[in-house]
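# Observations on the three-dimensional arrangement
As a plain string of letters, each chain reads:
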Amino acid sequence: GNVTDPSGAAVPNAKIEALNTATGLARTAATDSGGSFLFNDLQPGSYRVTTSAPSFRTLVQENVVILTN
């Protein structure tokens, strides 16, 4: 995925957490200098994805569905 600010600029060093709401298993990632991140080995299910970065408000996205690994 990619994290950008309202102007479309990349947000480096943002923390991303994907929480499987059924199992409680959480994975974390951080964006690179271009604002990109990658999660490996997420199991199918419904996730709560939280994105946070200094000087930005925290964004929480509920019911993000992953259909395949």
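The sections below set out a description of the structure shown in this document. Everything numeric here is computed off the predicted structure, so don't read it as measured data.

What counts and what doesn't
- Residue numbering note: each chain is counted from 1, following its sequence as written.
- Per-residue local features are limited, in this predicted model, to residues with pLDDT of at least 70; the limit for side-chain atom pairs, both in listing and counting, is 80 or more; totals at the level of whole chains, interfaces and linings are taken over all residues.
- Side-chain numbers here rest on the full set of heavy atoms in the structure, without hydrogens or water.
- Under the scheme used here, helices are H or I runs from DSSP no shorter than 4 residues and strands are E runs no shorter than 2 residues, and both carry numbers assigned from the N terminus.
- With the radius of gyration taken over C-alpha atoms, the globule rule is written as 2.2 Å times the number of residues to the power 0.38.
- Burial classes: relative accessible area under 20% of the type maximum marks a residue as buried, over 50% as exposed, and values in between as partly exposed (1.4 Å probe, protein chains only).
- When DSSP finds two or more bridges between a pair of strands, those strands are recorded as paired.
- Within 6.5 Å between ring centres, the rings of Phe, Tyr and Trp (the latter by its six-membered ring) count as paired, and their orientation is classed by plane angle as stacked under 30 degrees, edge-to-face over 60, tilted in between.
- Axis definition: a line fitted to C-alpha atoms, limited for helices to the stretch in contact. Angles are taken between N-to-C directions and run from 0 to 180 degrees.
- Take the buried residues of types Ala, Val, Leu, Ile, Met, Phe, Trp, Tyr and Cys, join any two whose side-chain atoms come within 4.5 Å, and each joined set is a nonpolar core.
- Only heavy atoms enter the contact rule, under which two residues are in contact if any of them lie within 4.5 Å.

## Some details on the overall build of the protein
Along the protein, the regular secondary structure elements total zero helices and four strands. Reading the secondary structure of the protein in the N-to-C direction produces β-β-β-β. In terms of overall dimensions, the protein is globule-like: its C-alpha atoms have a radius of gyration of 12 Å, near the 11 Å expected for 69 residues. Counting only C-alpha atoms, the protein reaches 35 × 20 × 15 Å along its principal axes. The 69 residues of the protein split such that 26% are buried.

## What about the pairing of strand E4 (residues 59-66)?
Each regular strand displays side chains that alternate between the two surfaces of the sheet. The pairing of strand E3 (residues 45-52) with E4 spans six bridges and is classified as antiparallel. Bridge pairing links Gly 45 to Ile 66 in E4. Where E3 folds back onto E4 in an antiparallel hairpin, the turn is made up of six residues, including Ser 55, whose phi is positive at roughly 75°.

## Overview of the packing of aromatic side chains
Counted under the stated rule, the structure contains one aromatic pair. Ring plane angle 75° and centroid distance 5.7 Å describe the contact between Phe 37 and Phe 39, whose orientation is recorded as edge-to-face. Comparing Phe 37 with Phe 39, the two get one shared label, buried.

## Examining the sheet that holds strand E2 (residues 26-30)
Pairing is antiparallel across the open sheet formed by four strands, whose spatial order is E2-E1-E3-E4. In this open sheet, the two strands that pair with only one neighbour each are E2 and E4. Shown here is a sheet whose adjacent strand axes are inclined to one another by a mean of 20°, direction ignored.

## A closer look at the nonpolar core
By size, the foremost hydrophobic cluster in this structure holds 12 residues: Val 3, Val 11, Ala 14, Ile 16, Ala 18, Ala 29, Phe 37, Phe 39, Leu 42, Tyr 47, Val 49 and Ala 53. Breaking this core down by element, the ones donating at least two residues are strand E1 (15-20) and E3. Contact partners of Ile 16, with chain neighbours within four places excluded, come to Val 3, Arg 27, Thr 28, Ala 29, Thr 31, Phe 37, Phe 39, Val 49, Thr 50 and Thr 51.

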